[in-house]
Amino acid sequence: MKILVLAGSPHLHGTTSYLADKFSEGAQEAGNEVIRFDVAKLKVHPCTGCDHCRRNDEKCIFDDDMSQIYPRLLEADAVVLVTPLYYFGMTAQLKAVIDRFYAINSSLRKQSKKLLLIGAGGDEEDWAMSALKSHYSTVCRYLGWSEGGMVLALGAETREDVENGIYAEAAKKMGREI
Ligand SMILES: Cc1cc2nc3c(=O)[nH]c(=O)nc-3n(C[C@H](O)[C@H](O)[C@H](O)COP(=O)(O)O)c2cc1C
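Right, let's walk through the structure included here. The structure presented is a predicted model; accordingly, all values stated were derived computationally and were not measured.

### Some remarks on unusual backbone geometry
Within the chain, Asp-51 stands out as a residue other than glycine whose phi angle is a positive 65°. Take Asp-51: it is sitting in the loop between strand S2 (33-38) and helix H2 (52-55). Notably, Tyr-87 is not glycine yet its phi reads approximately 50°, a positive angle. Here Tyr-87 is to be found in the loop between strand S3 (78-84) and helix H4 (92-99).

Below, the structure is given as structure tokens:
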């Protein structure tokens, strides 16, 4: 299986990056191919809603690093969204990438893929993740993709809070069992 990991934190060695590594370890051990983009380090212009893509065969007007992501997205069997909780949602950097899915919506909606979610936040109560979970489910529903599972680490302010703990194990297991 080809798995595309879209990691949305600006911290390349932070909490969610660590959980994404654990996921990838499990997925690769199970024989899957994992391609990862740390999207906060890429140049991805926010969608401006110009609809150039609607008139030009799904071609976005912006020629930026999405050109690396689009082909990987189209060929992936599974896509993993990885994000720290930023004000109870995903990071703006990851949202910018997802908004740019818009250009190729009709192609994406013809495909059947799994969508998975890895998140982490410092809050300890599970309501903190509710908007992120709901957004994830809604995106799955809209695209017609299946929910492949989620690992949402609570009380995870820093990488040390998740290292070698239950969330690390859960992320690895999710990768192994995808
Ligand atoms: C701008 C910003 C907003 C945040 N908002 C939340 C939040 O709404 N809820 C929460 O639990 N943690 C929040 N946090 C804490 C991060 O989610 C947490 O530190 C996480 O472990 C960072 O992961 P990373 O190292 O992968 O970036 C926020 C952190 C920042 C910098």
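Back to the text.
### So, the site of the ligand
The immediate surroundings of the ligand are formed by 16 residues, with Ser-9, Thr-16, Asp-123, Ala-156 and Glu-157 found nearest. Interatomic distance of 2.5 Å between a side-chain N/O atom of Ser-9 and an oxygen atom of the ligand. A distance of 2.9 Å separates an oxygen atom of the ligand from a polar atom in the backbone of Phe-88. Coverage of the ligand by the protein amounts to 77% of the 650 Å² it exposes when considered alone. When each cavity is represented as a set of grid points, the ligand is found to reside in the largest pocket. Classifying every residue of the shell around the ligand gives 7 nonpolar, 7 polar and 2 charged.

### Considerations on the nonpolar core
Counting residues in each nonpolar core, the largest one holds 34 residues, and the members touching the most others are Leu-6, Leu-73, Val-79, Leu-81, Val-97 and Leu-115. Elements with a minimum of two residues in this core: strand S1 (2-7), helix H3 (66-75), S3, H4, strand S4 (114-120) and helix H6 (130-143). The greatest single-element share of this core, amounting to 5 residues, is contributed by H6. In this view, Val-97 contacts Leu-6, Val-39, Val-44, Met-66 and Ile-69; residues no more than four positions away in its chain are not counted. Grouped together as the second largest cluster of nonpolar side chains are 23 residues, Tyr-18, Leu-19, Leu-116 and Ala-156 included.

Conventions adopted
Residues numbered from 1 in each chain as written. Predicted model: local features only at pLDDT ≥ 70, side-chain atom pairs only at ≥ 80, totals over all residues. Heavy atoms only, no water. Helix = DSSP H or I, 4+ residues; strand = E, 2+ residues; numbered from the N terminus. Near = heavy atom within 4 Å. Polar contact = N/O pair within 3.5 Å; in protein donor to acceptor, adjacent residues only side chain to side chain. Areas by Shrake-Rupley, 256 points an atom, 1.4 Å probe, with all protein chains shown as cover. 1 Å grid on protein atoms, 1.4 Å probe; cavity = no way out; pocket = protein on both sides within 12 Å on 5 of 7 lines; lining within 4 Å. Sits in = over half its atoms within 2 Å of the grid points. Nonpolar A, V, L, I, M, F, W, Y, C, P; charged D, E, K, R; others polar. Core = buried A, V, L, I, M, F, W, Y, C linked by side-chain atoms within 4.5 Å. Buried < 20%, exposed > 50% of the residue type's maximum accessible area, 1.4 Å probe, protein only. Contact = heavy atoms within 4.5 Å.

The values are spatial; any link to function lies outside them.
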